[in-house]
Amino acid sequence: MGVSSDNIHGLVLAVSSSVFIGSSFIIKKKGLVKAGTNGTRAGSGGYSYLHEPWWWAGMITMIVGEIANFAAYAFAPAILVTPLGALSIIFSAVLAHFILKEKLHIFGVLGCVLCVVGSTTIVLHAPHEKTIVSVKQVWHLATEPGFLVYAAIILVIVAALIFYYVPRYGHTHLIVYVGICSLMGSITVMSVKAVSIAFKLTFGGSNQFDYLQTWFFIVVVAVCCVLQINYLNKALDTFNTAVVSPVYYVMFTSFTILASMIMFKDWDSQNGSQIATELCGFVTILSGTFLLHKTKDMGSNPSALIPPITNPGTVEDQSLDGR
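Rules of the game
Residues numbered from 1 in each chain as written. Predicted model: local features only at pLDDT ≥ 70, side-chain atom pairs only at ≥ 80, totals over all residues. Heavy atoms only, no water. Axes fitted to C-alpha atoms, helices over the stretch in contact; angles between N-to-C directions. Helix = DSSP H or I, 4+ residues; strand = E, 2+ residues; numbered from the N terminus. Parallel < 35°, antiparallel > 145°, perpendicular 65-115°, else oblique. Contact = heavy atoms within 4.5 Å. Nonpolar A, V, L, I, M, F, W, Y, C, P; charged D, E, K, R; others polar. Core = buried A, V, L, I, M, F, W, Y, C linked by side-chain atoms within 4.5 Å. Buried < 20%, exposed > 50% of the residue type's maximum accessible area, 1.4 Å probe, protein only. Salt bridge = Lys/Arg side-chain N within 4 Å of Asp/Glu carboxyl O. Left-handed = near helix turned anticlockwise from the far one by under 90°. Phe/Tyr/Trp six-rings, centres within 6.5 Å; stacked < 30°, edge-to-face > 60°. Lys NZ or Arg CZ within 6 Å of the ring centre and 35° of its normal. Expected span 1.5 Å × (residues − 1). Arc of directions from axis to C-beta. Polar contact = N/O pair within 3.5 Å; in protein donor to acceptor, adjacent residues only side chain to side chain. Disulfide = S-S within 2.5 Å.

Observations regarding the packing of helix H1 (residues 5-38) against helix H9 (residues 212-238)
Relative orientation of the contacting elements H1 and H9 amounts to 70°, with a least axis distance of 10 Å. In this view, H1 runs roughly perpendicular relative to H9, as classed from their interaxial angle. Counting all contacts with H1, which are made through Phe25, Lys28, Lys29 and Leu32, the residues of H9 involved are Leu232, Asn233, Leu236 and Asp237. Split into classes, the residues belonging to the contact of H1 with H9 amount to four nonpolar, one polar and three charged.

Okay, here's the thing in structure tokens:
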């Protein structure tokens, strides 16, 4: 399957987005570290980072990246745009190596290469964007039973994480904070795609802001983004950046692809070999992110890859603990 012009536009925007977002992780981390020395850390429920210029610089950089990402969804399917977020991991890992002195080992470099190879595979075999002429079409897709069930399950799990697991395990298990961001992220992306399509059609002469559905999607995006930013700050402040980025990417991308399959039925127009190739590309990216995560401390501590002997009754999830 050839790459369509819309997919190329989406590709350029998605890559630009990864550059900005990957850089924002590092800039925000510097702001959070500085803010933590002068006030209550974000991981402890503090908001002193709001007075730190470095954090705001990182926030602005992330917003620019998200705007580019937002625009990408208007041109290309989520199954193409979302996996390209792996490129932000590469930029984040490289910058963390030079700026935050979080060493990137040779196997981390190999992980970056795997991410690039996997991303290229997905780009070359991604499905073409479906023709949508109104936000009402997106609303119809979002209110089909399959996606309504998916959204309900996500909301129940997120509520359980926030009210039960965060107070008990948030500071020791990265999966809690990142899980909230990733689960809500899948809902956010579906709504972002709806809003981006609305802007695209409006600029093309068909005003979509006369429909209440457009404004509903905008509200969902705003609420979900605030929730994600809050818990992403907690994750970045509590755990190592080199761990947060890949774990967040893997979970966020997996749930987003699942949501897109359910809502937009991206794979309906593809045959088995095309779908299998895309899955291979995605698995290659996952392998790269896993390698980045697993070797993050290998350069400074060669024994980091050897798991310690612990009491089975007191084992904590050290693989997701950035400390």
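On we go.
Focus on the nonpolar core
Among the nonpolar cores identified, the biggest contains 66 residues, and Val138, Phe147, Leu174, Ile187, Met190, Leu232 and Met263 are the most heavily contacted of them. Secondary structure elements with two or more residues in this core: H1, helix H2 (53-75), helix H3 (78-81), helix H6 (135-142), helix H7 (145-169), helix H8 (174-203), H9 and helix H10 (241-263). Per-element accounting of this core gives the leading share, 17 residues, to H8. Contact partners of Phe147, with chain neighbours within four places excluded, come to Leu141, Ala142, Ile187, Met190, Ala259, Ile262 and Met263. Among the nonpolar cores identified, the runner-up in size contains 17 residues, and Ile90, Leu104, Phe282 and Ile285 belong to it.

Some thoughts on the pattern of salt bridges
Scanning the entire structure with this criterion turns up three salt bridges. The partner of Lys34 in a salt bridge is Glu52, with the nearest N and O atoms 3.9 Å apart. Placement of Lys34 in helix H1 and of Glu52 in the loop between H1 and H2 is noted, with a sequence separation of 18 residues between them. What makes Lys34 partly exposed here is its relative accessible area of 39%.

A word on the packing of H6 against H9
Contact geometry of H6 with H9 gives a least axis separation of 9 Å together with a crossing angle of 60°. Put simply, H6 runs oblique to H9. Crossing handedness for the pair H6 and H9: left-handed. Within the contact between the two elements, H6 uses Val135, Lys136, Val138, Trp139 and Ala142 and H9 uses Gln213, Thr214, Phe216 and Phe217. For the contact of H6 with H9, the residue count by class is six nonpolar, two polar and one charged.

Some thoughts on the environment of Lys234
With respect to the helices and strands, the residue Lys234 is situated in helix H9. Classification of Lys234 as buried rests on a relative accessible area of 13%.

Comments concerning the packing of aromatic side chains
This structure, assessed with the given rule, holds 15 aromatic pairs. Ring geometry for Tyr47 versus Tyr49: centroids 6.0 Å apart, planes at 50°, classification tilted. On the basis of relative accessible area, Tyr47 is assigned to the partly exposed category, the value being 46%. When its relative accessible area of 6% is taken as the criterion, Tyr49 is described as buried. Between Phe199 and Phe209, the ring centres sit 5.0 Å apart and the planes meet at 70°, which makes this aromatic pair edge-to-face. Remark: Phe209 occurs in the loop between H8 and H9 and Phe199 occurs in helix H8; sequence separation between them is ten residues. Overall, Phe199 belongs to the partly exposed group, its relative accessible area being 31%. Through a chain of ring-to-ring contacts, three or more aromatic side chains come together here, namely Phe70, Phe199, Phe203, Phe209 and Trp215. One residue, Lys30, lies across the ring of Trp54, its end atom 5.3 Å from the ring centre. Residue placement shows Lys193 over the ring face of Phe264; its charged tip is 5.7 Å from the ring centre.

A look at helix H4 (residues 86-98)
If you check H4, its first and last C-alpha atoms are 19 Å apart, about what 13 residues at 1.5 Å a residue would give, namely 18 Å. Every buried residue of H4 is accounted for by Ala86, Leu87, Ser88, Ile89, Ile90, Ser92, Ala93 and Ala96.

Thoughts on H6
An α-helical turn contains 3.6 residues, so any two residues separated by three or four positions project in the same direction. Those residues of H6 not exposed but buried are Val135, Val138, Leu141 and Ala142. Viewed along the axis of H6, the buried residues span an arc of 115°, placing them on a single side of the element. Put simply, Ser134 is the residue that caps the front of H6, since its side-chain oxygen is 3.1 Å from the backbone nitrogen of Lys136.

A word on the state of the cysteines
In total, this model carries zero disulfides according to the counting rule given. Here Cys115 is not disulfide-linked; the sulfur of Cys112 is the nearest cysteine sulfur, at 6.3 Å.

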